[in-house]
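# Report on the structure
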Amino acid sequence: MQIARETLLRSYRAMRTIRMFEERLHVEFATGEIPGFVHLYCGEEASAVGVCANLTDNDTIASTHRGHGHCIAKGVEVAGMMAEIYGRSTGVCRGKGGSMHIADLACGMLGANGIVGGGPPLICGAALSHKTLRDGGVAVAFYGDGASNEGTTLESLNLASVWQLPAVFVVEDNGYGEATGASFACAGTQKARAAGFGMPYIECDGSDYFAVHEAAGEAIAHARAGKGPIMLHVHLQRWYGHFEGDAMTYRAPGEVAEAKRDHDCLKLFRERVTQAGLFEDSVLDEVDAAVTDEIEAAVLQAKDDPLPQSADLLADVYVRY
Amino acid sequence: MSKKSFRQAINEALRQEMRRDPTVILMGEDVAGGRGGSANTQDAWGGVLGVTKGLYEEFGETRVLDTPITEASYIGAAAGAAVTGLRPVAELMFVDFVGCCLDQIMNQAAKFRYMFGGKARTPLVIRAMYGAGFNAAAQHSQALYPLFTHIPGLKVVIPSSPYEAKGLLISAIRDDDPVIFLENKVMYDVEEEVPDESYAIPFGEANLTREGDDVTIVAFGRMVGMANEAADRLAKKGIGCTVIDPRTTSPLDSETILECVADTGRLVIVDESSPRCNMATDIAALVAEEAFDTLRAPIRRVVPPHTPVPFATVLETLYLPSVEKIEAAVTATMNYRVTEKV
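Note that the structure is a prediction, hence the values are computed from the model and not measured. (Residues numbered from 1 in each chain as written. Chains lettered and ligands numbered in written order. Predicted model: local features only at pLDDT ≥ 70, side-chain atom pairs only at ≥ 80, totals over all residues. Heavy atoms only, no water.)

Right, let's get into the nonpolar core. Formed by 185 residues in total, the largest nonpolar core has its most connected members in V51 of chain A together with F148 of chain B. Taken domain by domain, this core gets at least three of its residues from each of domain 1 (2-194) and domain 2 (207-335) of chain B. Setting aside its immediate chain neighbours within four residues, V51 of chain A contacts A46, V140, F142, V170, V212, A216, I220 and L232 of chain A. Counting 25 residues, the second-largest nonpolar core is a separate cluster that includes I217, M226, A231 and C241 of chain B. (Core = buried A, V, L, I, M, F, W, Y, C linked by side-chain atoms within 4.5 Å. Buried < 20%, exposed > 50% of the residue type's maximum accessible area, 1.4 Å probe, protein only. Domains from an automatic or database assignment. Contact = heavy atoms within 4.5 Å.)

Moving on, we get to the interface of chain A and chain B. Reports often express the size of an interface as the amount of accessible area lost when the parts come together. Between chain A and chain B, the contact holds 40 residues from the first and 48 residues from the second. The interface formed by chain A and chain B includes two salt bridges. Between R320 of chain A and D176 of chain B there is a salt bridge, with its nearest N and O atoms 3.9 Å apart. Run the count over chain A and chain B and you get 21 residue pairs in polar contact (both at pLDDT 80 or more). For the side of chain A that touches chain B, the element with the most residues is helix α5 (residues 119-133) of chain A, which contributes nine residues. (Salt bridge = Lys/Arg side-chain N within 4 Å of Asp/Glu carboxyl O. Polar contact = N/O pair within 3.5 Å; in protein donor to acceptor, adjacent residues only side chain to side chain. Helix = DSSP H or I, 4+ residues; strand = E, 2+ residues; numbered from the N terminus.)

Next up on the list: the domain arrangement of chain B. All names here are of chain B. By domain assignment, chain B separates into domain 1 (2-194) and domain 2 (207-335). Look at where the C-alpha atoms of domain 1 and domain 2 centre, and you get two points 27 Å apart. The partner domain 2 presents 25 residues to the 26 residues of domain 1 that form the contact. Here domain 1 and domain 2 share an interface that buries about 2,000 Å² over both sides, 55% of which is from carbon and sulfur atoms. Area buried by domain 1 at its contact with domain 2 is led by A132, N135 and Y145, which between them contribute 26% of it. Our count for the domain 1 to domain 2 interface comes out at one salt bridge. In this structure, R247 and E164 form a salt bridge, with 2.6 Å as the shortest nitrogen-oxygen distance. Inspection of the domain 1/domain 2 interface yields 20 residue pairs in polar contact (both at pLDDT 80 or more). Looking at the side of domain 1 that touches domain 2, the elements that each hand over two or more residues are α6 (145-149), β6 (155-157) and α7 (162-174). Tallied by class, the residues present in the side of domain 1 that touches domain 2 amount to 17 nonpolar, seven polar and two charged. (Buried area = accessible area lost by both parts, 1.4 Å probe. Nonpolar A, V, L, I, M, F, W, Y, C, P; charged D, E, K, R; others polar.)

Residues and elements named next belong to chain A. Mapping R66 onto the fold places it in the loop between β1 (60-62) and α3 (68-74). An unpaired buried charge is present at R66: no salt bridge exists, and E44, the closest side chain of opposite charge, is 4.5 Å distant. A polar side-chain atom of R66 sits 2.9 Å from the main-chain carbonyl oxygen of L40. Once residues lying within four places of it in the same chain are set aside, the contact partners of R66 are H39, L40, Y41, E44, N174, R238, G241 and H242. (Lys, Arg positive; Asp, Glu negative; His and termini not counted.)

Let's shift gears to the environment of I25 of chain B. On the secondary structure map, I25 of chain B appears in strand β2 (residues 24-28). Residue I25 of chain B is classed as buried on the basis of its relative accessible area, which comes to 0%. Contact partners of I25 of chain B, with chain neighbours within four places excluded, come to L128 of chain A together with T62, R63, L65, L86, R87, P88 and V89 of chain B.

Turning to the packing of aromatic side chains, a few remarks are in order. Centre-to-centre distance and the angle between the planes together describe a pair of aromatic rings. All chains considered together, the criterion is met by 14 aromatic pairs over all chains. Between Y130 of chain B and Y145 of chain B the ring centres are 5.6 Å apart and the planes differ by 90°, which places this aromatic pair in the edge-to-face class. Remark: Y145 of chain B occurs in helix α6 and Y130 of chain B occurs in strand β5 (residues 125-130); sequence separation between them is 15 residues. Accessibility classification places Y130 of chain B together with Y145 of chain B in one group, the buried group. Within the aromatic cluster, the residues linked to one another by ring pairs are Y12, Y209, F210 and F269 of chain A. Against the face of Y114 of chain B rests K96 of chain A, its NZ or CZ located 3.9 Å from the ring centre. (Phe/Tyr/Trp six-rings, centres within 6.5 Å; stacked < 30°, edge-to-face > 60°. Lys NZ or Arg CZ within 6 Å of the ring centre and 35° of its normal.)

Both trends apply: most residues other than glycine have a negative phi, and most peptide bonds are in trans. Residues and elements named next belong to chain B. Between S250 and P251 the backbone carries a cis peptide bond, its omega angle lying at 0°. With respect to the secondary-structure elements, P251 resides in the loop between β12 (248-250) and α9 (254-264). Of note, N40 is a non-glycine position whose phi angle comes to about 55°, a positive value. Its location among the elements puts N40 in the loop between β2 and α2 (55-59). Of note in the backbone geometry, R247 takes a positive phi value of approximately 70° without being a glycine. Position of R247 relative to the elements: it lies in the loop between β11 (241-245) and β12.

What follows deals with the pairing of β2 of chain B. Residue and element names in this part refer to chain B. The buried fraction of β2 amounts to five of the five residues, a majority that puts the element mostly inside the structure. Judged by which residues are buried, β2 turns out to be covered on both faces: V24, L26 and G28 on one side and I25 and M27 on the other are all buried. Relative to strand β4 (residues 87-94), β2 is paired through five bridges, and the arrangement is parallel. Bridge pairing in β4 places G28 opposite E91. Across three bridges, the pairing between β2 and strand β3 (residues 64-66) is parallel. When the sheet's bridge partners are listed, M27 is paired in β3 with L65. (Pairing = 2+ DSSP bridges.)

Right, dumping it as structure tokens:
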């Protein structure tokens, strides 16, 4: 499948941005300056970016606890995200949401979600809006293997099929729901679950951007064509713990090292495009340098930005009261 | 103007708002009813008690959406549709079923605006039946409005008559916040004069249905009718009651309540919901804090006992507040005398 050079470069930049954003957060969190919980997406970048490269601002996504990657892939401003995570009034949610609730409706990002399984029902609603308003949009629910067992998710697969919604259900399967293995917690297979609700199913290797881009392209085209919902099962690897501070005692020694060595989506992407002669290493190095500067600036800015004021405490509970 | 039932008033509000605004859609279990049934009838029920009957016929399947019996997915879908451009009115049927989908109301719809830094609007209405008096027992009879009132971000409406229901539902549909609209199932056949044209009753403005000098009665939903009847009986005995129907518990018109209590010096609160942490305790706290020095007698609450709603008629009658219980509470507060302690 041919992917435009411009798309490839944009995707590389998005993946690199997610990686550096997250690795920086990993370091910054350890300093104790970041309040609350942070759940890192590192290692899974090709999934968010491969899917979102097939979407426009008119399409909608809903995300998970591990939402930074989806936000960046969907176009949420990095500086605003960083400020949000630092709890600053300049944050994309004005310091009211934090890492677990970053949303930007203007670019179709319906929110990370603090509730496992919170997103799929919302995506049925967004898909219903696209269908009813006939705006050509599709709605994509990202959820993990853990959330695939929530009743809300299973109900949503059913509802989306019953209503023939333009919805794509993307299972990001990193093999762990918090600290419990999917092999223990998920009965049957995701494929059988899709079949159980009369829904087509595609799976792909989440460390391979090209595989995700192609599979997601097919899934999204299916939904966009009015053929109803579809499930995309992405196999991927989580490099850090469920949350920052998680020592990952439930993972075998060497598991993460192997993921980094053999399944690093950024490394694989670079090898693929340079070997194919699409890009010189120097072009990608320039992207890396620009992203490094961008993240550095975002962190410095976030630390310097104003904290919310006491009046903000009561603001925006309602539109009108 | 003609006489309309509570059920007809709600139906008319929905119909008029759906005609006015093409983004208003209905969804819920059997809101049309009959889809997929052997009779091949597409408008068989209009909801389990017939409130939405005829709307499928007029607006069709893109505006009136039957759902599977899956509250979490379709209430969540209603929330998702609301933040992305539609104005859904979702019927939860019996409010007791909120246990199946509370996350979508409490953690999603109610919090979008605040969590997203003021950038979301969630013009969602959830209609549900509440209340005892139908022998529907513990899982179909609760009055859970305090539960919703407790959650910031939700507006909570409890209409007390057909006229109120129509005007308040129109406001609910036009509101840009999530609104819980609670209909007392015993009231669907109650009739009164209701204007044919569209009208909106604003939220947060209490209605004084009776005015008197001696006692203030605050009552919600179906209890307003009982409070009025008690006030009429008490008037014959020379006791003047002001009856306040707050209409909405969130926002709550505290000002009117405090003003009336300042005038009468006595307060009785009638609340059909379970007695711990309910509207009666909330208003009692408000008055104790803000208007203690205007009180001439202790605040009295006419509320059910702290028990699930029973099935048998004799027990359900004992459970519910009644005109007699309200009358007794008012009489007791009138008879209260401070006795000096030695």
